Amino acid sequence: MLPDFSEICKQSKNTSMSYVFKKQPNFSLPTKISIPPIETIHLAGGEKLHILSTETTSLIGLEIRFNAGIWYQDNSFQSYLTGKMLSEGTRSYSSQQIAETIDFYGGYYGVSVEKDIVSAQLIIPKAYLSNILPVISEILFEPEFPENELVIIRENLIHQINLDNQQSNVIAQKKLNITLFGKDYPYGKIGNPDDVNLIDRKKIIDFYQKHYLHQNAQIFIVGNINKEDVLLIEKHLSPQRQIIQIEQVEHIIQPDSLQKHTIYREQSTQASIRLGKVLFNIQHPDFIDLHIASVVLGGYFGSRLMSNLREDKGYTYGVGSHLVSYFHSGIFGISTDVGLEHTDKAISEIYHEIDKLHNQEISEEELSRVKNYLSGSFLKNFDGAFNIMNQYAEQTSMGLPINQPQQYLDKINNITALRIKELFNTYLQKDSLALITVRKSEQ
């Protein structure tokens, strides 16, 4: 029988309850971060193996990073198609056999192609490491790049490009990249479906041999690792081969002479707004401080831009600012999608918030809130062995010092409101930001 809620309510009126908090709980920002030691071993084939050993998991996490990203390609999509084709057939396995074998042993395999690197990731129960490493070895060092699989992957890629090119937010982001870097710079160059069909099997093999087969990789492994596991990894993932030192690839940024573009698209249901400028990567001494300043503007739910455009004005569901670090450069960006009728007002409010941070120091209360958010989200990135190794891999790939996490935490603790104001005046003048808007013409 359901309770008589009316009777309960009557009784509650006669019940006196009071809670008195006599003392606010103590709170202080963390000042130290403790990271377990990570061992680095030089393998026989030249690869570096980074090991985070832990007994808290029965899984093995393995990542192999190659300097084979978009930066190094001669033709659009050459890097992407090479990375995706690795697991589409080897000397001993078809693509179906590879997928079925990894699935049979409860594993996961995936490839991520980025601006600078290609990352192959494997997660597998430790008990089956010896069963699956021979397959991964063939994927990385004996791929066949079968023509029939290449046809399918090219068709899928063309379909995805055509779908993306119907999205206002994708159109805006692509145009921003071209505007900032230039149409021929690797971080700005945008390929089209016709470029996909120009990548044949020979171009893929040439790229593979140059940037995978004849180059060393960085290997990162986390789990309950013993000496036998290291020997297995060395046997299968560090084969003896000829290593060729390739010339350092240089590209010159040639930004668009026009830094403000409006693209009219009649199918748009929202307006996409992108602002940005080329700055520097995480190796620059001001990067972390500027990242903190960017969070104040639009890097978390309580930021200036979110409070204004979403909470106060209702122009958008989301707006954010961010710093992106590549190997050879970096950008600051602001992105949002707003109702068509709010386009100009939203841009005006973005500029307004930047102006305020130029002219006024943020309050100590807001600064404390940002520091709390940054400290919490940063430490969360180091929660568990797999997350720790992910952070270490990013740090190592960027050539950062081993104490970089502690430096980051120190920057959070020591930054001041005056420093944030100075950073906005030094780097984030609103007139220096490129502006891309995708909207309907009748606006």
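Quick caveat: nothing in here was measured; it's all calculated off a predicted structure. Residue positions are given per chain, counted from 1 along the sequence in the order it is written. For a predicted model such as this one, the threshold for reporting local features is a pLDDT of at least 70, and the threshold for listing and counting side-chain atom pairs is 80 or more; totals across whole chains, interfaces and linings nevertheless cover every residue. Heavy atoms from the whole structure form the basis of all side-chain values; hydrogens and water molecules are not counted.

Caption draft 1: Representation of the overall build of the protein. Counting from the N terminus, the helices are DSSP H or I runs at least four residues long and the strands are E runs at least two residues long. Within the protein, the secondary structure is distributed over 16 helices and 11 strands. Considered along the principal axes of its C-alpha atoms, the protein spans approximately 75 × 60 × 55 Å. Residue burial is assigned from relative accessible area. The probe radius is 1.4 Å, only protein chains are included, and a residue is buried under 20% of its type maximum, exposed over 50%, and partly exposed in between. Across the 443 residues of the protein, 46% fall into the buried class. Taking all contacts inside the protein whose residues are at least 6 apart in sequence as the whole, residues at least 24 apart take part in 81%. Accessibility throughout is a Shrake-Rupley quantity obtained with a 1.4 Å probe, and a residue counts as covered only by protein chains that appear here. Total accessible area on the protein stands at roughly 22,800 Å², and carbon and sulfur atoms take up 50% of it. Two residues qualify as a contact provided that any one of their heavy atoms is within 4.5 Å of a heavy atom in the partner residue.

Caption draft 2: Local environment of the sheet that holds strand 1 (residues 39–42). Pairs of strands are assigned from DSSP output, requiring at least two bridges between the strands. In spatial order, the strands read 1-2-6-3-5-4; together these six strands make up an open sheet with mixed pairing. Edge strands, defined here as strands with exactly one partner in the open sheet, are strand 1 and strand 4 (108–113). On average, adjacent strands in this sheet sit at an angle of 15 degrees to one another, irrespective of strand direction. Bridge analysis of strand 3 (residues 59–66) against strand 6 (residues 218–223) gives five bridges, and the strand direction is antiparallel. Directly across from R65, in strand 6, lies its bridge partner Q218. In this analysis an axis means a line fitted to C-alpha atoms, helices contributing only their contacting stretch, and an angle means the value between N-to-C directions, from 0 to 180 degrees.

Caption draft 3: Broad picture of helix 13 (residues 364–380). Under the convention used throughout, the expected extent of a helix is 1.5 Å for every residue step, that is, one less than its residue count. An ideal rise of 1.5 Å per residue puts 24 Å on 17 residues; helix 13 measures up with 24 Å between its terminal C-alpha atoms. Residues of helix 13 that are buried include every one of E366, L367, V370, K371, L374, S375 and F378, and no others. The buried side chains of helix 13 occupy one side of the element, clustering within an arc of 165 degrees when seen end-on. In helix 13, the exposed residues that point more than 90 degrees away from the buried face are E365 and K380. Looking at the packing, one finds that the buried side of helix 13 touches helix 10 (287–298), helix 11 (304–312), helix 15 (404–414) and helix 16 (417–427). By construction, the arc corresponds to the directions joining the helix axis to the C-beta atoms.

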